[in-house]
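# A structural walkthrough
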Amino acid sequence: MSDTRTGPDGLPRCAWVGDDPEYRRYHDEEWGRPLHGDRALFEKMSLEGFQAGLSWITILRKRPRFREVLAGFEPAVVAAFGPDDIERLMTDAGIIRNRLKIEATISNARLVADMAPGELDAFMWSFAPPVHRRPATFADVPATTPDSDALSKALRTRGFRFVGSTTMYALMQSAGMVDDHVDGCHRAA
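Because the structure is a prediction, the values reported are computed rather than measured.

### Considerations on the nonpolar core
- Met 45, Met 124, Leu 155 and Met 177 are the most contacted members of the largest nonpolar core, which has 49 residues in total.
- When residues of this core are assigned to their parent elements, the largest contribution, six residues, is made by helix α3 (residues 56-69).

Structure representation (structure tokens):
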């Protein structure tokens, strides 16, 4: 498989995008663009945790419902969720109904809510590498890096859950902490 694929609009994109219009939009408008803000990064952290073991397109398609039932990922609101909320979420077919992931999201929200405004953003971005070499091919894109290992370890030390190194590297890619658009992709700078 080629490392890029030309879309119906004539633009070459990272081949993982395929033919799905939502993937094209996500690739072009979100993936690899710097994302800041505690709420936005909490959302990314949560969705990446829900994605573990699933395809990202599944999460993208369910993201509107996740946003609806998780109060727009406002950490202080989600932090106040209790057992009734967990049961409500476990019956909602519009999201990923995994009790451990739901409980981790609520627990992580409590940790974020206890942080000073801007602290999560500054903390997470402190693990972004100062220099990141663009991958020439998908074979050059790692699953983890020393930076994602360190971010994962630091988050787990603070009590965060579902923040393994592979999950954190995916977050670093999607939040623009690293830019892994391959050579030849129209988004490659």
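There's plenty left to go through after this.
### Focus on helix α2 (residues 38-51)
- With 14 residues, α2 extends 20 Å between its outermost C-alpha atoms, agreeing within 8% with the 20 Å of an ideal straight helix rising 1.5 Å per residue.
- Counting buried residues in α2 gives 13 out of 14 residues, a clear majority hidden from the surface.
- Taken from the residues just after α2, Gly 53 is the one with a positive phi, measuring 85°.

### Focus: the packing of α2 against helix α6 (residues 99-113)
- Two elements in contact, α2 and α6, have axes separated by 10 Å at closest approach and are oriented at 160°. Here α2 is positioned roughly antiparallel relative to α6, judged by the angle of their axes. Pair α2 / α6 crosses with right-handed handedness. Across from Phe 42, Met 45, Ser 46, Gly 49, Phe 50 and Gln 51 in α2, the residues of α6 making contact are Lys 101, Ile 102, Thr 105, Asn 108, Ala 109 and Val 112.
- Its residues placed into classes, the contact of α2 with α6 shows six nonpolar, five polar and one charged.

### Let's talk about the UniProt feature "binding site: Zn(2+)" (unreviewed entry) in the protein chain
- The UniProt record marks Cys 14, His 27, His 181 and Cys 185 with the feature "binding site: Zn(2+)" (unreviewed entry), using the residue numbering of this structure. In terms of the greatest pairwise C-alpha distance, the residues named above, spread along 172 residues, form a tight cluster of at most 10.3 Å across.
- Considering the arrangement of structural elements, one finds Cys 14 in strand β2 (residues 12-14).
- Not counting residues up to four positions away in its chain, the partners in contact with Cys 14 are Asp 3, Thr 4, His 27, Trp 31, Phe 138, Asp 180, His 181, Val 182 and Cys 185.
- Residue His 181 is classed as buried on the basis of its relative accessible area of 0%.

### Considerations on the packing of helix α1 (residues 21-29) against α3
- Across the interface, α1 lies against α3 with an axial gap of 10 Å and an inter-helix angle of 90°. Accordingly, the angle class assigned to the pair α1 and α3 is roughly perpendicular. Contact residues: α1 offers Glu 22, Tyr 23, Arg 25 and Tyr 26, while α3 offers Trp 56, Ile 57, Leu 60 and Arg 63.

Criteria and thresholds
Residues numbered from 1 in each chain as written. Predicted model: local features only at pLDDT ≥ 70, side-chain atom pairs only at ≥ 80, totals over all residues. Heavy atoms only, no water. Core = buried A, V, L, I, M, F, W, Y, C linked by side-chain atoms within 4.5 Å. Buried < 20%, exposed > 50% of the residue type's maximum accessible area, 1.4 Å probe, protein only. Helix = DSSP H or I, 4+ residues; strand = E, 2+ residues; numbered from the N terminus. Expected span 1.5 Å × (residues − 1). Axes fitted to C-alpha atoms, helices over the stretch in contact; angles between N-to-C directions. Parallel < 35°, antiparallel > 145°, perpendicular 65-115°, else oblique. Left-handed = near helix turned anticlockwise from the far one by under 90°. Contact = heavy atoms within 4.5 Å. Nonpolar A, V, L, I, M, F, W, Y, C, P; charged D, E, K, R; others polar. UniProt positions renumbered as here; feature names shortened; annotations may be inferred.

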